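What follows is the residue order along each chain.
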Protein chains: 2
Amino acid sequence: MRREFKKKSRILLIDDNYEHLSGIRELLNLEGTFDVVGIATNVTMGLNLIKKYQPDVVLLDMNMPERDGLQGILEINKLELGTKVLALSGYDDADLIFRAMKIGAKGYVLKTMASAQLIYAIEEVLNGKIYLPNALTSRFFEYFQKSFQEENSKQENSMDEENLLNELTQREEEVLELLTQGITYKGVANKLFISETTVKTHVNNIFQKLQVNDRTQAVLYAINNGFLTKRVKIAV
Amino acid sequence: MRREFKKKSRILLIDDNYEHLSGIRELLNLEGTFDVVGIATNVTMGLNLIKKYQPDVVLLDMNMPERDGLQGILEINKLELGTKVLALSGYDDADLIFRAMKIGAKGYVLKTMASAQLIYAIEEVLNGKIYLPNALTSRFFEYFQKSFQEENSKQENSMDEENLLNELTQREEEVLELLTQGITYKGVANKLFISETTVKTHVNNIFQKLQVNDRTQAVLYAINNGFLTKRVKIAV
DNA sequence: GATGATATAGATCTTTTGGTCTATAATGTT
DNA sequence: AACATTATAGACCAAAAGATCTATATCATC
């Protein structure tokens, strides 16, 4: 696959600093393999241009007034045009990096980085990879690990303690699952095609096993102990 | 800071494959800047050696029987000796990478990687950085973003919708807070020094505002709508 | 064939919850 | 002064939830 014969990659730039914008455009145009199909100084304009020109990659500045970069990522992704967003920022703010990556940026580069690295980042992203410079990867993970620290130390301690959820039989798990959706005995009975009293029996057994005395506590126990695994929640 | 005068870095290896263990030991010894202070073929042995020799870095194989690698990371960190764990694995299993990094690995390298890269990884980790090869960074982030996908798309849609929790008065929030701990009317009444009927009134108002009909649903609404923000949960 | 675990279900009773309506005091707003 | 909001609280009632005890039927396993 020789570069010369490849179609030029379509790039769009969004940055409220016009000087910077022009600088990058020059740089990318000089490179020869890129085609800067549009530039915008705010997200709203950018979104319109994206719809119009459907670029492969959008370089999106994170630090803009009003509708900011994070929001921009979400909205670009909402268009579902397969546009890849490469976040661009002046600072290596760990929180910002974390949030940008979390909501779907394909990479994150600093404005202070050498232009060669920017080019490389764009190429990686174009190839479907995710690109984060080593320094930012470090900062990202420090933040990442810190945000999970609490949970980890909790887990260290509770790891040898058995998870009471494991005591539940399959049927009991099904019942609990429905309880975590806020359903009454009658509702559960209907869903599982069993009598209400049977549900009550199951629920009572669940309470015994989880050492709680009511639904709410059972549901909370379930949520806090990985019953609804893969649940992730960090404020954007 | 010239390498020759630096104290050799202390490394410990844990891998159930003895051949591999010896191979790495040779490699690191040849390098000259490392001092392999111990090797172990399982986590239990490894932990003992770590307590004894206090290495700077532990190379820990992820794919071991019985007490596995993830558990190993947790337990090494629990010792709080500042030992840096570099995870080592034969496969680039995204889930495993994610979980290892989440619980505090300082890096993750594949056994198939060139020895130079292993050396580099160890050095980065020794310097307090976090090291993940580009390929694994990509895999990590794909997994990472996927696990947040649901939440992101939810946020896109619900971003303008008002959060019903905002309708609640301060007192109602306090009551809801207690409900999310699984407390009865009587319990809430005692905690807030008000009568049980007052609590009922508040709770009824909360139900109205959140458009639910019982505690469980209210608690679930609260949890799912950022009442307990910064809550993070991914199964280890 | 006895044992144990599981799923099913009925009877009974107490406690808790939830719905509705009314009422008062305090506070702030127009 | 009139009005709205909020926090407080009582009365009453119906529905739901929870606790306890007993009892079958199935299935695996020893």
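Residues numbered from 1 in each chain as written. Chains lettered and ligands numbered in written order. Predicted model: local features only at pLDDT ≥ 70, side-chain atom pairs only at ≥ 80, totals over all residues. Heavy atoms only, no water.

J.: Give a detailed account of the overall build of chain A, specifying residues and quantitative values.
T.: Counting secondary structure elements, chain A contains 10 helices and 5 strands. Within chain A, the fraction of its 236 residues that count as buried is 48%. For chain A, the exposed surface amounts to about 11,400 Å²; the carbon and sulfur share of it is 47%. (Helix = DSSP H or I, 4+ residues; strand = E, 2+ residues; numbered from the N terminus. Buried < 20%, exposed > 50% of the residue type's maximum accessible area, 1.4 Å probe, protein only. Areas by Shrake-Rupley, 256 points an atom, 1.4 Å probe, with all protein chains shown as cover.)

J.: Outline the sheet that holds strand β1 (residues 9-14) of chain B, listing residues and values.
T.: All names here are of chain B. Taken in spatial order, the 5 strands line up as β2-β1-β3-β4-β5 in an open sheet, and their pairing is parallel. One side of each edge strand has no neighbouring strand; the edge strands of this open sheet are β2 (34-40) and β5 (107-110). The sheet shows a mean angle of 25° between the axes of neighbouring strands, taken without regard to direction. As defined by bridge partners, β1 adjoins strand β3 (residues 57-61) across 4 bridges and the pair is classed as parallel. (Pairing = 2+ DSSP bridges. Axes fitted to C-alpha atoms, helices over the stretch in contact; angles between N-to-C directions.)

J.: An account of the protein's contact with DNA strand D is needed here, citing residue identities and associated values.
T.: Neighbouring DNA strand D are 17 residues, the closest being Asn204 of chain A together with Thr169, Arg171, Ser195 and Thr198 of chain B. Near-protein atoms of DNA strand D (within 4 Å) split between backbone and bases, with sugar and phosphate holding 68%. At 3.0 Å from a phosphate oxygen of DNA strand D is found a main-chain nitrogen or oxygen belonging to Tyr185 of chain A. When residues of the surface near DNA strand D are traced back to their parent elements, those giving at least two are α8 (185-192) and α9 (196-210) of chain A together with α9 (196-210) of chain B. The element contributing the most residues to the surface near DNA strand D is α9 of chain B, with 4 residues. Broken down by class, the residue content of the surface near DNA strand D amounts to 3 nonpolar, 9 polar and 5 charged. (Near = heavy atom within 4 Å. Polar contact = N/O pair within 3.5 Å; in protein donor to acceptor, adjacent residues only side chain to side chain. Nonpolar A, V, L, I, M, F, W, Y, C, P; charged D, E, K, R; others polar.)

J.: So, the sheet that holds strand β3 (residues 57-61) of chain A: which residues are in play, and what are the values?
T.: Pairing between the strands of a sheet comes from backbone hydrogen bonds, and it takes one of two forms, parallel or antiparallel. All names here are of chain A. Spatially, 5 strands are ordered β2-β1-β3-β4-β5 in an open sheet, and the strand pairing comes out parallel. Only two strands of the sheet have a single partner each, and these edge strands are β2 (34-40) and β5 (107-110). Neighbour to neighbour, the strand axes of the sheet diverge by 25° on average, direction disregarded. Here 6 bridges tie strand β1 (residues 9-14) to β2, and the two strands are oriented parallel to one another. Counterpart to Ile11 in the pairing with β2 is Val36. Relative to β2, helix α1 (residues 18-31) is tilted by about 165°, and along the sheet it contacts β1, β2, β3 and β4 (84-89). (Contact = heavy atoms within 4.5 Å.)

J.: Go over the packing of helix α7 (residues 170-179) of chain B against α9 of chain B with me, naming the residues and quoting the values.
T.: Residue and element names in this part refer to chain B. Their axes nearest at 10 Å, the elements α7 and α9 cross at an angle of 95°. If you check the angle between α7 and α9, you find them roughly perpendicular. Note on element contacts: α9 touches α7 through Val199, His202, Val203, Asn205, Ile206, Lys209 and Leu210, opposite Arg171, Glu172, Val175, Leu176 and Leu179. Here the contact of α7 with α9 is composed, by residue class, of 7 nonpolar, 2 polar and 3 charged. (Parallel < 35°, antiparallel > 145°, perpendicular 65-115°, else oblique.)

J.: Explain the pairing of β5 of chain B residue by residue, including any values.
T.: Residues Gly107 and Val109 of chain B line one face of β5 of chain B and the alternating positions Tyr108 and Leu110 of chain B line the opposite face, and both faces are buried. Following the backbone out of strand β4 (residues 84-89) of chain B, through helix α4 (residues 94-102) of chain B and into the adjacent parallel β5 of chain B, one traces a crossover that is right-handed. (Right-handed = clockwise from strand over helix to strand, strands pointing away.)

J.: How would you summarise unusual backbone geometry if you had to cite specific residues and measurements?
T.: Residue and element names in this part refer to chain A. Even without being a glycine, Gln54 presents a positive backbone phi close to 45°. You can see Gln54 is positioned in the loop between α2 (43-53) and β3. For Gln54, a relative accessible area of 43% corresponds to the partly exposed category. In this model, Glu80 sits at a positive phi of 55°, which is unusual for a non-glycine residue.

J.: Explain the protein's contact with DNA strand C residue by residue, including any values.
T.: Around DNA strand C there are 17 residues in total, and Thr169, Ser195 and Thr198 of chain A together with Lys200 and Arg215 of chain B lie nearest to it. Close to the protein, within 4 Å, the atoms of DNA strand C are drawn from sugar and phosphate at a rate of 66%. Here a phosphate oxygen of DNA strand C and a backbone polar atom of Ser195 of chain A are 2.6 Å apart. A distance of 2.7 Å separates a base oxygen of DNA strand C from a polar side-chain atom of Lys200 of chain B. The biggest single contributor to the surface near DNA strand C is α9 of chain A, with 4 residues. Of the residues contributing to the surface near DNA strand C, the split by class is 3 nonpolar, 9 polar and 5 charged.

J.: Tell me about the packing of aromatic side chains, and please be specific about residues and values.
T.: Here the structure, examined in full by the defined rule, presents 25 aromatic pairs over all chains. Between Phe140 of chain A and Phe144 of chain A, the aromatic rings sit 5.7 Å apart at their centres with planes inclined by 15°, giving stacked as the arrangement. Of this pair, Phe140 of chain A and Phe144 of chain A both sit in helix α6 (residues 134-160), 4 residues apart, which is roughly one turn of that helix. By relative accessible area, which is 0% here, Phe140 of chain A ends up buried. Residue Phe144 of chain A is classed as buried on the basis of its relative accessible area, which comes to 0%. Arranged with centres 5.6 Å apart and planes meeting at 70°, the rings of Phe144 of chain A and Phe98 of chain B form a pair that is edge-to-face. Pair noted here: Phe144 of chain A is in helix α6 and Phe98 of chain B is in helix α4, and the two residues belong to different chains. Its relative accessible area of 0% is what places Phe98 of chain B among the buried residues. An aromatic cluster is built from Phe98, Phe140, Phe141, Tyr143, Phe144 and Phe148 of chain A together with Phe98, Phe140, Phe141, Tyr143, Phe144 and Phe148 of chain B, whose rings are joined through pairwise contacts. The cationic tip of Arg215 of chain A hangs over the ring face of Tyr185 of chain A; the distance from NZ or CZ to the ring centre is 5.1 Å. (Phe/Tyr/Trp six-rings, centres within 6.5 Å; stacked < 30°, edge-to-face > 60°. Lys NZ or Arg CZ within 6 Å of the ring centre and 35° of its normal.)

J.: Explain α4 of chain B to me, using residue names and the numbers behind them.
T.: Count 3.6 residues to each turn of an α-helix, and residues three or four apart come out pointing the same way. Residues and elements named next belong to chain B. Counting buried residues in α4 gives 8 out of 9 residues, a clear majority hidden from the surface. Within α4 the residues assigned to the buried category are Ala94, Asp95, Leu96, Ile97, Phe98, Ala100, Met101 and Lys102. Structurally, the start of α4 carries an N-cap: the backbone nitrogen of Asp95 is 2.9 Å from a side-chain oxygen of Asp93. Two residues or fewer past α4, Gly104 is found with a positive phi of approximately 110°.

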